[in-house]
Amino acid sequence: MMRRQRRNLFQIITLARELEQQGCTAIGISCAADPALAEARAAVGVPVLGAGSCAALMALAYSSRIGVLTILEEVPPLIRSILGGAYLGMDRPDGVTTTLDLGAPAGRTGALAGAARLVERGAEVLVLACTGFATIGLAAELEERLGIRAFDPILCLGAAASATAAGAARRV
């Protein structure tokens, strides 16, 4: 593991512990690659949710033919593992290598084109495997333009956290 990755892992675990000490009843990791998810879960006593895994699990509730749109060279391993046989394939926007690229017109155009390629390959729903897609509101645009359900990782994380909070409120 690279030094930067170890530092990020340590920072996520440290922050999870601080949030738990401050009274948080659930913690969300706002990255579709779900970095340090297992380690954070082991370090705290509250639910730790990953944006990517939440989106993948939600997509499975809707279809068994799931495409993944990402800015990475490969699908985050946890998303790929969760999707199993429902995984149809992945695509990535041309010219996009960071979330900042998504904010440019070419980034949005590339994301739309990548999603369209997944639809052409038979995807019935999409997992948006980058929280940057949430920032630009891509899920709603894909549903409007392509007629396909696209699972925004941040909205899926929020839905899971909401369910967790509702359960915690009943226990009080």
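One can find the structure itself at the top, above this paragraph.
Residues numbered from 1 in each chain as written. Predicted model: local features only at pLDDT ≥ 70, side-chain atom pairs only at ≥ 80, totals over all residues. Heavy atoms only, no water.

A.B. asks: Whenever I open this one, the pairing of strand β4 (residues 87-91) confuses me. Can you help?
C.D. replies: On any regular strand, side chains alternate: one points to one face of the sheet, the next to the other face. Relative to β4, strand β3 (residues 66-69) runs parallel, the two sharing four bridges. From the neighbouring strand, Ile-66 faces β4, where its bridge partner is Tyr-87. Tracing the backbone out of β3, into helix α4 (residues 77-83) and back to the parallel element β4 gives a crossover that is right-handed. (Pairing = 2+ DSSP bridges. Helix = DSSP H or I, 4+ residues; strand = E, 2+ residues; numbered from the N terminus. Right-handed = clockwise from strand over helix to strand, strands pointing away.)

A.B. asks: Looking at this structure, I do not really get the nonpolar core. What am I missing?
C.D. replies: In a soluble, globular protein the nonpolar side chains are often hidden away together inside. Core analysis: the largest hydrophobic core is formed by 20 residues, its most contacted members being Ala-59, Ile-66, Val-68, Ile-79, Leu-83, Val-127 and Phe-151. Listed by contribution, the elements that provide at least two residues to this core are α3 (51-60), β3, α4, β5 (125-128) and α9 (153-171). It is α3 that contributes the most residues to this core, five residues altogether. Leaving out residues up to four positions away in the same chain, Ile-66 has contacts with Ala-59, Leu-60, Leu-83, Ala-86, Tyr-87, Leu-88, Gly-89, Val-125 and Val-127. (Core = buried A, V, L, I, M, F, W, Y, C linked by side-chain atoms within 4.5 Å. Buried < 20%, exposed > 50% of the residue type's maximum accessible area, 1.4 Å probe, protein only. Contact = heavy atoms within 4.5 Å.)

A.B. asks: What am I meant to see in the pattern of salt bridges here?
C.D. replies: Side-chain pairs of opposite charge can arise whenever the charged atoms involved come near each other. What the rule picks out here adds up to four salt bridges. Ionic pairing is found between Glu-141 and Arg-108, a salt bridge with its closest N-O pair at 2.3 Å. With a gap of 33 residues between them, Glu-141 in helix α8 (residues 138-146) and Arg-108 in helix α6 (residues 105-120) connect regions that are remote in the sequence. Here Glu-141 falls in the buried class, since its relative accessible area comes to 16%. Between Arg-149 and Glu-143 there is a salt bridge, with its nearest N and O atoms 3.4 Å apart. What you see here is one network of salt bridges that share partners, running through Arg-108, Glu-141 and Arg-145. (Salt bridge = Lys/Arg side-chain N within 4 Å of Asp/Glu carboxyl O.)

A.B. asks: Help me out: how do you make sense of the pairing of β5 in this one?
C.D. replies: Neither face of β5 is open: one carries Val-125 and Val-127, the other Leu-126 and Leu-128, and all of them are buried. Note: β3 against β5, four bridges, orientation parallel. Pairing of Val-68 across the sheet is with Val-127, part of β5. Pairing analysis gives three bridges linking β5 to strand β6 (residues 149-151), with the strands arranged parallel. Across the sheet, residue Val-125 finds its bridge partner in β6, namely Arg-149.

A.B. asks: Before we go on, may I ask you to explain the side chain of Asp-152 in this structure?
C.D. replies: Mapping Asp-152 onto the fold places it in the loop between β6 and α9. No salt bridge is formed by the buried Asp-152; the nearest opposite charge belongs to Arg-108, separated by 10 Å. Polar side-chain contacts of Asp-152 include one of 3.1 Å to the backbone nitrogen of Leu-155. When residues no more than four places from it in sequence are discounted, the contact partners of Asp-152 are Leu-128, Ala-134 and Ala-139. (Lys, Arg positive; Asp, Glu negative; His and termini not counted. Polar contact = N/O pair within 3.5 Å; in protein donor to acceptor, adjacent residues only side chain to side chain.)

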